[in-house]
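Descriptive analysis of the structure
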Amino acid sequence: MLFQYNGGSSPLHRLGPLSKLIWVGCFSLLSMAWDSTLQEAALLAVLIAVAGLGARLTLARQLRAMSFLIGLGIPYFILSILAIREGHTVASWGPIVITAEGLDIAGALTLRIFVLFLASYIYLSTTDPRDFVQALNLRLRVPYRFAFGISVALTFLPLLEEEGRTIMAARQVRGQKPPRGLKNRLAYWSGYTAAVLVNAVRRVQQTALAMEGKGFGAYADRTYLRELDNDRLGYIYALVAVIATVVLWWSL
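Note that the structure is a prediction, hence the values are computed from the model and not measured.

1. Side note on the pairing of strand 2 (residues 96–99)
- Where strand 1 (residues 89–93) lies against strand 2, four bridges are found, and the strand directions are antiparallel. The residue of strand 2 that forms the bridge with W93 is I96.

If you want it as structure tokens, here you go:
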């Protein structure tokens, strides 16, 4: 399962959840503010280096996590090129016109998808959901009911992924062959999506019944078994990230 917390002792694992959240927000703001392919490629390269050195995520694992975005990125890149007609013409085939500005903007928009995904993936891989909930409740004074809801959503990501793999394996055991043709593919994936959603609703119902049975939300406050560490180093890194974001925003 790719989208889940993986325990470790890397530098990013040792930082607090809120400081890392600020760091992810800085990368996201820069990615949304910049509209150049070169700038987005630089952000992506920095993120890949941070994932490898700071989170101990191998390049193969990063590529495997981002592989499903290729099916979204390539059509998005092509449609963006065709939609932007302003600027210097590079090539044209009848009504199809490709411009230099269109290539630059399309590349930036496509790489932005990978930047935002990889930043979120690094955060999910290095942040324990329990620490995240505790930090929201104790540091930011977010009501623990709302914070726990976010934790449940993060927990459901790997569960839904595993459900999808189980459903796919069950279909293969029954001898169902891969669909061919557009109509068969649409029918196949619509049935697959419906099965995943049904299992998701079932898990939500089970979780809600368990929370109700344990009296969740009966008291204004709750206690925690673990204590949050003092994340002074993380806040220093977060402050440096904010300052660097402001400088890069106004200078580039």
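2. A word on the packing of aromatic side chains
- Using the criterion set out here, one finds three aromatic pairs in the structure.
- Ring centres of W23 and F27 lie 5.0 Å apart, and the angle between their planes is 70°; on these two criteria the pair is classed as edge-to-face. Of this pair, W23 and F27 both sit in helix 2 (residues 17–33), separated by four residues, roughly a single helical turn.
- For W23, a relative accessible area of 16% translates into the label buried.
- A relative accessible area of 11% places F27 in the buried class.
- Between Y123 and F132, the ring centres sit 6.2 Å apart and the planes meet at 85°, which makes this aromatic pair edge-to-face. When sorted by exposure, Y123 lands in the same class as F132, which is buried.

3. Digging into helix 4 (residues 59–66)
- If you check which residues of helix 4 are buried, you get Q62, A65 and M66. Along helix 4, the residues classed as buried sweep out an arc of 90° about the axis, all on the same side.

4. Some thoughts on the nonpolar core
- With 34 residues, the main nonpolar core has W23, L47, L118 and I122 as its most contacted residues.
- Put simply, the parts of the chain that give this core at least two residues each are helix 2, helix 3 (37–53), helix 4, helix 6 (100–126) and helix 7 (129–138).
- The dominant element in this core, judged by the number of residues it contributes, is helix 6, at nine residues.

5. A few points about the side chain of Q62
- For Q62, the position within the fold is in helix 4.
- Excluding anything up to four places from it in sequence, Q62 contacts I48, A51, G52, L57 and L118.

6. Things to note about helix 9 (residues 182–213)
- Over its 32 residues, helix 9 runs 47 Å from end to end, which matches the ideal 46 Å to within 8%, given 1.5 Å per residue.
- Turning to helix 9, its buried residues number three or more, namely Y188, Y192, V196, N199 and A200.
- Among the residues trailing helix 9, G215 stands out with phi positive, at a value near 75°.

7. Some remarks on the pattern of salt bridges
- With the rule as written, the count across this model stands at two salt bridges.
- E40 is the salt-bridge partner of R112, the closest N and O atoms lying 3.5 Å from each other. Here R112 is found in helix 6, whereas its partner E40 is found in helix 3, with 72 residues between them in sequence. Neither residue differs from the other here; R112 and E40 are each classed as buried.
- Here R130 makes a salt bridge to D128, at a shortest N to O gap of 3.0 Å.
- Under the relative-accessibility criterion, D128 is labelled buried at 9%.

8. Examining the layout of surface pockets
- Taken as a whole, the largest pocket encloses approximately 470 Å³ of empty space.
- Counting only elements with at least two residues in the lining of the largest pocket, the list comes to helix 1 (11–14), helix 2, helix 3 and helix 10 (232–251).
- Looking at which element gives the most residues to the lining of the largest pocket, the answer is helix 10, with seven residues.
- Roughly 370 Å³ of volume is contained in the second largest pocket.
- Considering the residues around the second largest pocket, the lining is formed by 22 residues, among which L15, G16, P17, D131 and D229 are closest to the centre.
- When residues of the lining of the second largest pocket are assigned to their parent elements, the largest contribution, three residues, is made by helix 2.

Cut-off values and rules
Residues numbered from 1 in each chain as written. Predicted model: local features only at pLDDT ≥ 70, side-chain atom pairs only at ≥ 80, totals over all residues. Heavy atoms only, no water. Pairing = 2+ DSSP bridges. Helix = DSSP H or I, 4+ residues; strand = E, 2+ residues; numbered from the N terminus. Phe/Tyr/Trp six-rings, centres within 6.5 Å; stacked < 30°, edge-to-face > 60°. Buried < 20%, exposed > 50% of the residue type's maximum accessible area, 1.4 Å probe, protein only. Arc of directions from axis to C-beta. Core = buried A, V, L, I, M, F, W, Y, C linked by side-chain atoms within 4.5 Å. Contact = heavy atoms within 4.5 Å. Expected span 1.5 Å × (residues − 1). Salt bridge = Lys/Arg side-chain N within 4 Å of Asp/Glu carboxyl O. 1 Å grid on protein atoms, 1.4 Å probe; cavity = no way out; pocket = protein on both sides within 12 Å on 5 of 7 lines; lining within 4 Å. Points joined across faces, edges and corners; volume = space filled by probe spheres on them.

Everything listed is a geometric property; what it means functionally is a separate question.
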